[in-house]
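So the chains spell out like this:
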Amino acid sequence: MDTIRALVLSGGGGRGAFHAGVYKYLMESNKINVDSPHTKEWDPQVIVGTSIGAVNGAAIAQGMPADDLVDVWKSLEETDIQGLPPGMRGVARWFARKAFGMIMDANLPQVKPQDATSPIPKDFWAPLPIFSKWWGERFIGRWINLLDTGPLRKTLHTRFKFDAEKLSASARTLLIAATNVQTGERVMFSNREIRNRETGEARHDVVMGISADRILASCSIPLVYPWTFDPETNAFYWDGALVANTPIGVALDAMREVPTDVPAEIVVALMTPWWEGDDPIPHTARKMPESFGDAITWTLDWMLLASFRERLRLINTYNDLAKRERAEGKGPYKYREVKVIIAAPDDFLPAERIIDYDGNVSADLIKQGYGAAQKAFEKTFK
């Protein structure tokens, strides 16, 4: 084995079409303007996904061809992913549809109770203390999240072809991130046992087994979508991006069985702008946010990117140690050489795209993802 490869897919909701474009480029067999080892398919042995990255990651780990993943994203609409929670009533429904209608071109239906993922709380949410319980029950209802992911659970099976048995038998290692609601700790669900690369001990934060509900857990954006309960771990989960949007470290642990003299290549598909060194600064970032929407987008993107920046610094430190080991000729080596290739958009992707799934817009995101991966490869593998 010349290299071991990992693909890390960040969270970003409806912006996940970007991943499909990245994967389409990676799996092309006749790349140009790169060195000969990278002209063929870049097929990852390890996949790490967070939120919508968990959805795409599961499809890829099961063997879904890149063109099929692209077609799925081009065909998705908002109603394939979400609807209004069943406990939402009257006036609240009207306001929700008006508000979401400004973001997405869809009239979201209310999810039927038997298909819903939303818990219905004991108490209604009164908009003002002066309103009686009768008014609250009749016009506001009982709900603690704005949207329900019942449609996504169905779409995982019908469009993304989720198959737990096929995923368990896959030669690719898949890890997906979620956040424990009550402790704030990150948990990784995996189709393989993962051991710490240094100690050899089983990682306590990795739980074996990936189900459709565990993928939903990784996608459960706080307040927007309902948390997801996992019976096996007896815990409630929110979106993994809440604490770790791009958990690279666990990808390195998943490589533990491969000798450390084999270098690693990790492609990270971000959905936030990224630049370094002499790269041009994105056009939008040359000025300050100009609207409330801009401020939300910037805030969210920088929060999601923070843990990745720290992890990248740590990897660079380990790379320095790996180079020192090899210069001294002292094997077997403790540290693996790791090359991180970052595929990211040239500019900010609007925050509202997180809940906006539209085939036409997705087609543009797929194109951007393809171009970002191509740019990253041509820069890294000249």
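Residues numbered from 1 in each chain as written. Predicted model: local features only at pLDDT ≥ 70, side-chain atom pairs only at ≥ 80, totals over all residues. Heavy atoms only, no water.

**A word on empty space enclosed by the protein**
We apply this condition: The definitions used throughout rest on a 1 Å grid laid over the protein atoms alone, on which a cavity is an enclosed set of points accommodating a 1.4 Å probe that cannot get out and a pocket is an open set flanked by protein within 12 Å on both sides along at least five of seven lines; lining residues are those having an atom within 4 Å of a point. Grid points are joined across faces, edges and corners, and a volume is the space filled by probe spheres set on the points. Residue polarity is assigned by list, with Asp, Glu, Lys and Arg as charged and Ala, Val, Leu, Ile, Met, Phe, Trp, Tyr, Cys and Pro as nonpolar; anything else, Gly included, falls into the polar class.
In this structure the tally under the stated criterion is 2 cavities of 30 Å³ or more. One number sums up the size of the largest cavity: a volume of about 60 Å³. Taken together, Gly13, Ser51, Ile52, Ile81, Leu152, Cys219, Ile221, Tyr225 and Tyr357 make up the full set of residues lining the largest cavity. In terms of residue class, the lining of the largest cavity is made up of 7 nonpolar, 2 polar and no charged. If you add up the space inside the second largest cavity, you get close to 30 Å³. Looking at the second largest cavity, the residues that line it are Val55, Ala58, Ala59, Leu156, Phe160, Phe162 and Ile215. Its residues placed into classes, the lining of the second largest cavity shows 7 nonpolar, no polar and no charged.

**Here's the deal with the nonpolar core**
To keep it simple, the criterion reads: Definition of nonpolar core: a set of buried residues of the types Ala, Val, Leu, Ile, Met, Phe, Trp, Tyr and Cys, connected through side-chain atoms within 4.5 Å. Exposed residues in this analysis have more than 50% of their type's maximum accessible area, buried residues have under 20%, and partly exposed residues fall in between, with area computed by a 1.4 Å probe over protein chains only. Any pair of residues with heavy atoms lying within 4.5 Å of one another is described as a contacting pair.
Among the nonpolar cores identified, the biggest contains 76 residues, and Leu69, Trp73, Ile215 and Phe377 are the most heavily contacted of them. Leave out the neighbours within four places in its chain, and tryptophan 73 touches Gly13, Gly14, Gly16, Ala17, Ala20, Ile52, Asn56, Phe160, Tyr357, Gly359, Ser362 and Ile366. One finds Met188, Val258, Leu270 and Ile342 within the second-largest nonpolar core, a separate group that totals 29 residues.

**Notes on the pairing of strand S1 (residues 4-9)**
Moving residue by residue along a regular strand, the side chains alternate between the two faces of the sheet. The criterion, for reference: Here a helix means four or more residues in a row that DSSP labels H or I, a strand means two or more in a row labelled E, and each is numbered from the N terminus. A pair of strands counts as paired when DSSP detects no fewer than two bridges linking them. Viewed with both strands pointing away, a crossover whose connecting path from the first strand over the helix to the second turns clockwise is right-handed.
Among the 6 residues in S1, 6 count as buried, and that is most of the element. Residues Ile4, Ala6 and Val8 line one face of S1 and the alternating positions Arg5, Leu7 and Leu9 line the opposite face, and both faces are buried. Judged from the 6 bridges that link them, S1 and strand S8 (residues 264-269) form a sheet pairing that is parallel. Residue pairing in the sheet places arginine 5 in a bridge with glutamate 265 of S8. For the crossover that starts at S1, traverses helix H1 (residues 17-26) and ends in the parallel strand S2 (residues 46-50), the hand is right-handed.

**Looking at the environment of serine 118**
Just so we agree on the cut-off: Whenever two N or O atoms come within 3.5 Å, that pair is a polar contact, provided that in protein one can donate a hydrogen and the other can accept it, and provided that, for residues adjacent in sequence, both atoms are side-chain atoms.
Of note, serine 118 is situated in the loop between helix H4 (90-101) and helix H5 (133-140). The exposure class assigned to serine 118 is buried, which follows from its relative accessible area of 12%. Of note is the side chain of serine 118, whose polar atom sits 2.9 Å from the side chain of asparagine 145. Side chain to side chain, serine 118 and aspartate 148 meet in a polar contact 2.5 Å long.

**Quick word on helix H3 (residues 66-75)**
Stated formally: Summarising the geometry, the arc corresponds to the directions from the helix axis toward the C-beta atoms.
Within the sequence span of H3, burial applies to Ala66, Leu69, Val70, Val72 and Trp73. Projection of H3 onto a plane perpendicular to its axis shows the buried side chains occupying an angular sector of 160°, all on one side. The inward-facing, buried residues of H3 contact H1, helix H2 (52-61) and helix H11 (359-380).

**With respect to the pairing of S2**
Where burial is concerned, most of S2 is hidden: 5 out of the 5 residues are buried. Burial along S2 is two-sided: the face carrying Val46, Val48 and Thr50 and the face carrying Ile47 and Gly49 are both buried. In terms of strand pairing, S1 meets S2 through 4 bridges, oriented parallel. Bridge assignment links alanine 6 to a residue of S2, and that residue is valine 46.

**Details of the packing of aromatic side chains**
In this description, an aromatic ring pair is defined by two values, namely the gap between the centres and the angle between the planes. Definition in use: Two aromatic rings from Phe, Tyr or Trp, using only the six-membered ring of Trp, form a pair when their centres are within 6.5 Å; if the ring planes differ by under 30 degrees the pair is stacked, by over 60 it is edge-to-face, and anything between is tilted. We call a charge positioned over a ring when the NZ of a Lys or the CZ of an Arg lies within 6 Å of the ring centre and within 35 degrees of the ring normal.
Using the criterion set out here, one finds 16 aromatic pairs in the structure. Summarising the aromatic geometry, the rings of tryptophan 42 and phenylalanine 377 are spaced 6.4 Å apart at their centres and angled 85° between planes, so their arrangement reads as edge-to-face. Residue tryptophan 42 is located in the loop between H1 and S2, and its partner phenylalanine 377 is located in helix H11; the two are separated by 335 residues in the primary sequence. Take tryptophan 42 and phenylalanine 377: they sit in the same class, and that class is buried. Relative to phenylalanine 308, the ring of tryptophan 274 lies with its centre 5.3 Å away and its plane at 70°, an arrangement referred to as edge-to-face. Taken together, the positions of tryptophan 274 in the loop between S8 and helix H10 (292-328) and phenylalanine 308 in helix H10 put the pair 34 residues apart, joining distant regions of the chain. Grouping aromatic residues by their ring pairs yields a cluster made of Tyr25, Trp42, Tyr370, Phe377 and Phe381. For lysine 31, the ring lying beneath its charged end belongs to tyrosine 25, and the centroid distance is 5.5 Å.

That is the geometry; function is a separate question.
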